[in-house]
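Structural overview
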Amino acid sequence: METEQIRITTEFIKLDALLKFAGLCDTGGFAKALIQQGQVKVNGEVCTMRGKKIRPGDTVTVDRFTVEVI
């Protein structure tokens, strides 16, 4: 599993925007599809809410890639 740390300078970032920012998706449409298909986990649990607020300390996993938000 590959892990990457992403630093955000705001209070939170929405899940779909984080996937694009981290380079896990090229477009918002692809991010939306991944999320709706249940392929994205937030803190170890499947998340189907693309507008979910991701805050520092959260972990997002897609396939073998994990993003830690700091």
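Residues numbered from 1 in each chain as written. Predicted model: local features only at pLDDT ≥ 70, side-chain atom pairs only at ≥ 80, totals over all residues. Heavy atoms only, no water.

Digging into the sheet that holds strand E6 (residues 59-62)
The strands that make up a sheet are held in pairs by hydrogen bonds between backbone atoms, and each pair lies either parallel or antiparallel. If you trace the five strands from one edge of the open sheet to the other, you get E1-E7-E6-E3-E4, paired in mixed fashion. Whereas interior strands pair on both sides, the edge strands pair on one side only; in this sheet they are strand E1 (2-6) and strand E4 (45-46). (Pairing = 2+ DSSP bridges. Helix = DSSP H or I, 4+ residues; strand = E, 2+ residues; numbered from the N terminus.)

Some remarks on the state of the cysteines
In total, this model carries zero disulfides according to the counting rule given. In this structure Cys25 is not part of a disulfide, and its nearest cysteine sulfur, from Cys47, lies 13 Å away. What makes Cys25 buried here is its relative accessible area of 4%. (Disulfide = S-S within 2.5 Å. Buried < 20%, exposed > 50% of the residue type's maximum accessible area, 1.4 Å probe, protein only.)

Thoughts on a positive patch on the surface
On the surface, Lys14, Lys32, Arg50 and Lys53 cluster together into a positively charged patch. One can find Arg50 in the loop between E4 and strand E5 (53-54). For Arg50, a relative accessible area of 39% corresponds to the partly exposed category. (Patch = residues over 30% accessible without salt bridge, like charges linked within 9 Å, V, L, I, M, F, W, Y side chains within 5 Å. Areas by Shrake-Rupley, 256 points an atom, 1.4 Å probe, with all protein chains shown as cover. Salt bridge = Lys/Arg side-chain N within 4 Å of Asp/Glu carboxyl O. Lys, Arg positive; Asp, Glu negative; His and termini not counted. Charge placed at Lys NZ, Arg CZ, Asp CG, Glu CD.)

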